[in-house]
Amino acid sequence: MIYRFLLLFIVVSCSLTLQANPVVRVQFNDVFLDYAQQPRLSDLVAGVNTSANLYWPSASFYSLSSTEIHSLEQKKAKLLQRLTELHNYYAQHGDEGLAATTKKIVLELTPLQLAKKIVLPLDPDTVRIKTSLNPLIDAGQYLLVVAEKPATVALFGAVENSSTLLLNASEAADYLSDLKLLEGASASFLYVVPANADPFIAKVGLWNREFKAIPAGATLFVPLELRHLPSEFEDINQQILDLLVHKVVAP
Amino acid sequence: MKKSYLATLVSLYCASVAAEQGFEPSTKSYSQMNHGGVGLIQMPTARHNEPGKFSLNYQDSQEYRLWSASVQLFPWMEATVRYTDVRTRLYSDDPDFSGDQTYKDKGIDAKFRLWQESEFLPDVSVGFRDFGGTGLFESEYIAASKRIGPFDFHIGLGWGYLGSKGNITNPFCDLKDSFCVRPGEFSGSGGKVDYQKFFKGTASLYGGIEYQTPWDPLLLKLEYDGNNYVNDFAGTLVQDSAYNIAAVYTYSDALDFNLNYMRGNTFGFGVNYKVDFNSVKQLKLDPTPKVVPAVQVANTDNLDRTQMNRDLYLNAGFMVINYALKDNEIVVTGRQISYRDEHVALERIGRVLASHLPAEVKKYRIVEVEAGLPQVETVIDAEKFVKAVRKESLTAVVTDSYSRKEPEVSNEPWAVELSESGFGYGAEIFWSQTFGNPERFYMYQGGVLLGAGYQFNNNFSVQTTAKVNLLTNYDDFNFKVDAFNNNVPRVRTYIREYVSRSDVTMENLYGHWKDELADNWYAQAYGGYLETMYAGVGGEVLYKPLDSSLAIGVDLNYVRQRDYDSEVALFDYKTMTGHVSFYWEPFFLKDTLITTSLGQYLAKDKGVTVDFAKRFDSGIVVGAYAAITDMSSEEYGEGSFTKGFYVSIPFDLFSLKSATGRGRIPWIPISRDGGQMLNRPMNLNDLTEVRSPFLR
């Protein structure tokens, strides 16, 4: 307890004295951790690892570099433009249901907060024992998100609900019964975006079902079924996924 | 005290559980059918495994014992080779020739995917079983497969053996009369692809269901057979039921066991050993890579050269030939002998150098030398490299710190004055084997090749090799030269004479010259006893740009056949032989090398040899080759033309220490005198392998 207090004191005092011009600044739960010199990743994660309840497998680390955010926002604007075109295409062809689904994705994507996600091991116990997993953090501003183990899984795409309960001892296809799929949703594939790993595809159809576990803190993206997409929009699911990877998860 | 100890244990246990997030059971591969290859019991399906999946199968079913090996070469192609033991027939009618050995037959199958399964459409494949001419099970099929939950439904249309029941009219027969009857005899002298028979004669519809039971290891199969077994090679097999059933038990990722009941009267069983050629690997006990110290040494004054060389050898597997330190850079020449993966090798080399050299040495130039010829230079930007291994940035990657280029090592201030001349010697083990002989099914010869040589300078040398047999059953040969006589010179069919004359033989003795003539141009010339069966003179020129997907070589030789009764005497037969060879890694086929050689062969026949090699992620290479020449199949004899298969396996996959060596297991169904090349003592494309690595 005393140690923890002391640590907090040091962190606070650091941020007080160095606030003027920190080399690295990391936002963590509304607190800014400032470093006068580039810290090692282990310094950062060990510093905030004050509670046994923190669930590191679903932690995320983002760069808040303004150029990166700007480029992501530009990508988002372009994608929104394309999705609107897709919506108009469906509307013109009288596909009301598909148009509504596309509209829903546009509305969902518009307010999405984006930052460049850096996928790397964050668990303090993994990071501190291996030099190769413990890089120096480059000068700049970052966001670290780590909290208790999430009880829900975020949903995105051609699905009505925005989240669903995390199921224990189950696979991706088990989630389908809880999802209210919208018209045009793929019944065979789900994109899974884990909090701190590369995205992967889960096969969930009657014809291709394969065991894939959904990690806590993941976002499930229900893509649009390929056969409903006009050929010039065939890559739209991949484009959505590429942005979704950089979605800032609320702490 | 005890309690806290317990608590530590518990917490350690929990930590390991938490670390094991994202549990993934291994995905099951599709199971093998009796004849090898993905399928039901007797009948093939449209299914394909993931590329790289390999299965070694043994199946026993009363009249037949089937040994087969099946590999998924590409996502769209499966290849299977098979030996069949027909237990109701003898190898030959002559007991002096083959004793009581039962009949053996070889077979090759291939299956190609035409359409990949989607939500509403099935997988569709076309396949060819035993298409090598004399096959007992020769057939073609088109099959479709569709999965619905735990059920996998299959339907197919078979011709030949698979379609002998003839339960429908051959659909091609409606289109063209020539498809109504299947030609009886095989063309040439067997061993040819009899495409003129494809999809002809009687045809049958067949089908089946696979059911994945809720108990994961157990799969059940039911099939409707398209074969009536009336004209079976083993004799007419009584068919009480057109339905066959089977159960497959997956014991582990590596083993399947199956039990089946066929034709309503015959039990069979089998075992499948499975390996994934892409992911197979071996635990390694290599030394820990050197840690680059927080502060590098101040200068080169106290450089321990011996220790640096030793570290390069023991820690980085780099056998140093020489090195030169000059103006902020070091040039090291040598050979990589341990680490197959060039990135692993370079990181280890860089770490050793960075731990011995000061920061002022900004460039590490690593030059790989093969047989005295510099092949490729990798330039490591030391500053970038050190930053990357120390992880001084979130994004630094070691591989970004170096690049490959043409070696430039003419006038370096070498640390050691090396003498270019001297004696050398070496030894390697060999193992040769042949399957399906009349005397015994398996025949082998193993021993050591003892080599020695004297090098006059970097270009000229004299080399010799003695072959010493230690283990062999080749003395069981009951004939030395086959009885097949035609006018073709016996350029290779005296093989049994050569390998069984003596346990110690002179394999080769020759003078050799080689050089790099200009950038990208390599040349060699040689004369003497070049290989087991030939002596003579010859030369080769190779054009091989660095990291190019294409290399071109030309070789020309004048050779005379060696006398198999003597170490030194020669027969009268002499010939010119040589080829223009193209070594090509096509961009559209991942990790594939196609070697095409055009020219004149030992028996003076002219033609082309095409060798197709596919490398998997583990380093295992599966290859096939065929030589098509102007020699007719009647002249050639059994097999019609020279062809063969091979698997090349890195030794590294079996050893606990990393190593660069390889073993090649050839499988040559029948080898005769047509389409035979000279085994040159050295192949320039192999010598310059590191310039454009394929066998990594």
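Note that the structure is a prediction, hence the values are computed from the model and not measured.

### Focus on the nonpolar core
Move 1: Membership of the largest hydrophobic core comes to 45 residues, with the highest contact counts inside it found for Leu83(A), Phe156(A), Ile214(A) and Leu220(A).
Move 2: Of all the elements in the fold, those that place two or more residues in this core are helix H3 (66–92), helix H4 (96–109), strand E6 (152–157), strand E8 (189–193), strand E10 (219–222) and helix H6 (236–244) of chain A.
Move 3: For this core, the leading source of residues is H3(A), giving 6 residues.
Move 4: When neighbours within four sequence positions are excluded, Leu220(A) is seen to be in contact with Val153(A), Ala154(A), Leu155(A), Phe156(A), Tyr175(A), Leu190(A), Tyr191(A), Val192(A) and Ile214(A).
Move 5: Grouped together as the second largest cluster of nonpolar side chains are 26 residues, Ala316(B), Leu353(B), Val386(B) and Val398(B) included.

### Considerations on the domain arrangement of chain B
Residues and elements named next belong to chain B.
Move 1: Segmentation of chain B into domains returns domain 1 (53–276), domain 2 (305–405) and domain 3 (422–691).
Move 2: Here the C-alpha centroids of domain 2 and domain 3 sit 35 Å apart.
Move 3: The interface of domain 2 with domain 3 comprises 15 residues on the first partner and 19 residues on the second.
Move 4: Counting across the domain 2 and domain 3 interface gives 2 salt bridges.
Move 5: Close ionic contact of Arg404 with Asp547 constitutes a salt bridge, the shortest N to O distance being 2.8 Å.
Move 6: Counting residues per element, the ones that place at least two in the side of domain 2 that touches domain 3 are strand E15 (363–370), strand E16 (373–381) and strand E17 (402–405).
Move 7: Per-element tally for the side of domain 2 that touches domain 3: the top contributor is E16, with 4 residues.
Move 8: A per-class count over the side of domain 2 that touches domain 3 returns 6 nonpolar, 4 polar and 5 charged.

### Structural notes on the pairing of strand E1 (residues 53–61) of chain B
All names here are of chain B.
Move 1: By the bridge criterion, 8 bridges tie E1 to strand E12 (residues 266–276) in an arrangement that is antiparallel. Bridge assignment links Gln59 to a residue of E12, and that residue is Gly270.
Move 2: For E1 and strand E2 (residues 64–74), the ladder comprises 8 bridges, and the chain directions are antiparallel. Paired with Asn57 across the two strands is Ser68, which belongs to E2.
Move 3: Following E1, the chain reverses through 2 residues before pairing antiparallel with E2; Gln62 in that reversal takes a positive phi of roughly 55 degrees.

### Overview of unusual backbone geometry
Move 1: Positioned with a positive phi, Asp30(A) is a non-glycine residue whose angle comes to about 65 degrees.
Move 2: Along the chain, the position of Asp30(A) falls in the loop between strand E1 (24–28) and strand E2 (31–35).
Move 3: Accessibility expressed as a relative area gives 69% for Asp30(A), which makes it exposed.
Move 4: Phi at Lys604(B) is positive, roughly 65 degrees, even though this residue is not glycine.
Move 5: Looking at where Lys604(B) falls in the secondary structure, it is placed in the loop between strand E26 (592–600) and strand E27 (606–615).

### Details of the packing of aromatic side chains
Residues and elements named next belong to chain B.
Move 1: This structure, assessed with the given rule, holds 41 aromatic pairs over all chains.
Move 2: Here Tyr224 and Tyr243 contribute two aromatic rings whose centre-to-centre distance is 5.4 Å and whose plane-to-plane angle is 55 degrees, an arrangement assigned as tilted. With Tyr224 in strand E9 (residues 218–224) and Tyr243 in strand E10 (residues 243–250), this residue pair connects regions lying 19 residues apart in the sequence.
Move 3: Taking relative accessible area as the criterion, Tyr224 reaches 27% and is therefore assigned partly exposed.
Move 4: Owing to a relative accessible area of 48%, Tyr243 belongs among the partly exposed residues under this scheme.
Move 5: Ring pairs connect the aromatic residues Phe128, Trp159, Phe172, Phe179, Phe198 and Phe199, which therefore count as one cluster.
Move 6: Just above the ring of Phe233 sits the side chain of Arg89; from NZ or CZ to the centre is 4.2 Å.
Move 7: Residue placement shows Lys643 over the ring face of Phe641; its charged tip is 4.3 Å from the ring centre.

About the criteria used
- Residues numbered from 1 in each chain as written.
- Chains lettered and ligands numbered in written order.
- Predicted model: local features only at pLDDT ≥ 70, side-chain atom pairs only at ≥ 80, totals over all residues.
- Heavy atoms only, no water.
- Core = buried A, V, L, I, M, F, W, Y, C linked by side-chain atoms within 4.5 Å.
- Buried < 20%, exposed > 50% of the residue type's maximum accessible area, 1.4 Å probe, protein only.
- Helix = DSSP H or I, 4+ residues; strand = E, 2+ residues; numbered from the N terminus.
- Contact = heavy atoms within 4.5 Å.
- Domains from an automatic or database assignment.
- Salt bridge = Lys/Arg side-chain N within 4 Å of Asp/Glu carboxyl O.
- Nonpolar A, V, L, I, M, F, W, Y, C, P; charged D, E, K, R; others polar.
- Pairing = 2+ DSSP bridges.
- Phe/Tyr/Trp six-rings, centres within 6.5 Å; stacked < 30°, edge-to-face > 60°.
- Lys NZ or Arg CZ within 6 Å of the ring centre and 35° of its normal.

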